[in-house]
Amino acid sequence: MNGNSHLGRTIPCPVCRKVFPADTTNRNFNGHIDQCIVEIHSSSSVTSQAAAPDNVSNLSEINVMVRSNQEGSIATSSVDETTPTFHSRKNTFRTTLAAMEVPWIESHTTLIVDRQYTFRDSFNQLCELSEEDLHKELKIHYIGEIAQDAGGLSREWFTTLFNELFNADFCMFKRVEADDFAYTINELSFLNEEAMDYFNFCGILLGKSMFDKTPANVHLSKTLLNHILGKPMTLEDLQFEDKPLYQSLKAIRDTKVSENTLFSETFSVMQLTLEGSVEVDLKPGGREIFVNDENKEEYIDLLVQWELEKKFQTQLEAFLAGFYRVVPKHCVSHFETEEFELLLCGVKEIDVTDWKTNTIYKGEYSGQSKCIQWFWEVLGEMTQDQRSKFLQFCTGSTRIPVEGFKLLSTNRGENVLFCVQSTTYDDAKPFIAAHTCFNRIDLPKYPSKEELARQMGLVVENDVTGFGLE
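Residues numbered from 1 in each chain as written. Predicted model: local features only at pLDDT ≥ 70, side-chain atom pairs only at ≥ 80, totals over all residues. Heavy atoms only, no water.

1. Quick look at the confidence of the model for the chain
Of the residues in the chain, 77% have a pLDDT of 70 or more, and the chain-wide mean is 80. Predicted confidence is poor over residues 466-470, with pLDDT under 50, and the contacts of this stretch with residues over four places away or in other chains come to 15 contacts. (pLDDT = per-residue confidence, 0-100. Contact = heavy atoms within 4.5 Å.)

2. A word on the sheet that holds strand β11 (residues 359-362)
Strand order across the open sheet formed by 4 strands is β11-β12-β14-β13, with mixed pairing between neighbours. Strand pairing shows two members of the sheet lacking a second neighbour, β11 and β13 (433-435), which therefore form its edges. Neighbour to neighbour, the strand axes of the sheet diverge by 25° on average, direction disregarded. Summarising the sheet, β13 and strand β14 (residues 440-444) pair through 3 bridges and their orientation is antiparallel. When the bridges of β14 are listed, histidine 435 appears paired with arginine 440. Helix-sheet contacts for helix α17 (residues 370-381) involve β11, β12 (418-423) and β14, and the interaxial angle to β14 is about 115°. (Pairing = 2+ DSSP bridges. Helix = DSSP H or I, 4+ residues; strand = E, 2+ residues; numbered from the N terminus. Axes fitted to C-alpha atoms, helices over the stretch in contact; angles between N-to-C directions.)

3. Looking at the pattern of salt bridges
In total, this model carries 20 salt bridges according to the counting rule given. Where glutamate 364 meets lysine 445, a salt bridge forms, and the shortest distance between an N and an O atom there is 2.7 Å. Taken as a pair, glutamate 364 in the loop between β11 and α17 and lysine 445 in the loop between β14 and α19 (449-461) lie far apart in primary sequence, 81 residues in all. Residue class for glutamate 364 comes out exposed when judged on its relative accessible area of 59%. The closest approach of N and O atoms between glutamate 377 and lysine 449, which form a salt bridge, is 3.0 Å. Highlighted residues: glutamate 377 in helix α17 and lysine 449 in helix α19, separated in sequence by 72 residues. (Salt bridge = Lys/Arg side-chain N within 4 Å of Asp/Glu carboxyl O. Buried < 20%, exposed > 50% of the residue type's maximum accessible area, 1.4 Å probe, protein only.)

4. Brief notes about the side chain of asparagine 186
Inspection of the secondary structure assignment puts asparagine 186 in the loop between β6 (179-185) and α8 (195-211). Apart from the residues within four sequence positions on either side, asparagine 186 is in contact with Cys171, Met172, Phe173, Lys174 and Gln315.

5. Details of the nonpolar core
If you look at the biggest cluster of nonpolar residues, it comprises 88 residues, and the most contacted ones within it are Trp157, Phe173, Leu206, Phe340, Phe375, Phe390 and Leu443. Considering each element in turn, this core owes the most residues, 10 residues, to α8. If near-sequence neighbours (up to four positions away) are discounted, phenylalanine 390 is found in contact with Trp355, Phe375, Leu379, Ile432, Ile441, Met456, Val459 and Val460. Within the second largest apolar cluster, 19 residues are counted, among which are Tyr246, Val269, Leu282 and Ile300. (Core = buried A, V, L, I, M, F, W, Y, C linked by side-chain atoms within 4.5 Å.)

Okay, structure coming up:
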């Protein structure tokens, strides 16, 4: 996003409530937010804690909600005291899902998977589970591997499957034109004979990851998120999928023509099928009806519904049916789009300060140890993508919960903070070891920052999947 673009409307800082005019640049606005967050980090006073708005519960949430302000996620008026806040809605949601969960001491669900055929084995087993089984604790057992799943294996399993399902070569999803990092349903996915079953599987997988509080390592488009929430599609939603078409329809809407003047468009679209490209009517006889000043609103509405839903409706219905098997629609329908994405996908931007604050040390290490200081310095010098890979190596997931590092947990919901355990440095085996189920790494007492940085670099440069004995 261009940092020199303007807010376009009056917006208060969500931290200190200072009001910024519409001509403020995004760069200046976000810079002010960053400064407010730094001040909160550096202060432990009650007044600083109270400065955060009550619709977010920590700094990670503030960061995400602020960064999405250009999509209208931050309210520009004061909070209505009678309206449930994000924090209260989130707690209600968590409580509702907890009531549906089958206690782990009663039963659990185990998937036995050949790592070479993770997708095939997972697809065949997960789709056969009942709703009750989907609400049980999930354990992944990889054939021929000794590791026991206490959370790390399942987190890595989710990541592996999402990577495959959203791979462009699989043709299930595509990146939207308006946002190169967001995915929506690929209307050409019907070319795959098993597409409907795969979309149902993807919905189940996404629902299960949310049920298990495992952040999904995917970024769904705004419209696909709204479909899950049951929100109606509007012209404004089209800008997040196809900006040129959005601008074209806006031009039609805003252009006033004389009574006898017709636009060049008709109430029809072209659709690719197995038989080739065919013309589809948006309404009965649509190909014979030209758009004019009287019917243009109807045309815009019908075309928006086509572009954002109708042209891939069968795939969408299969996807939603799978998701709602695990997380019922009524449980999520009260969330705003950005709130729901935060719950579903967690926080992608890794805050090193938050990570450091919520870390414990074992063995000979403490927060003042030289090697530990080097560790945080190296992590702070990494890019966000490198930090995500290192986080996956440590925990099995590329993202953190909406609540931040303080709520890292096992798959049973037990709070397990990130831990750094000291080990003896061996020049022959200088590697960092990870125990993902317990969010712990064994960090040798390296003789220099350069050697530590080299070993951490090897972690992010190589494949971080695959587990041995933990």
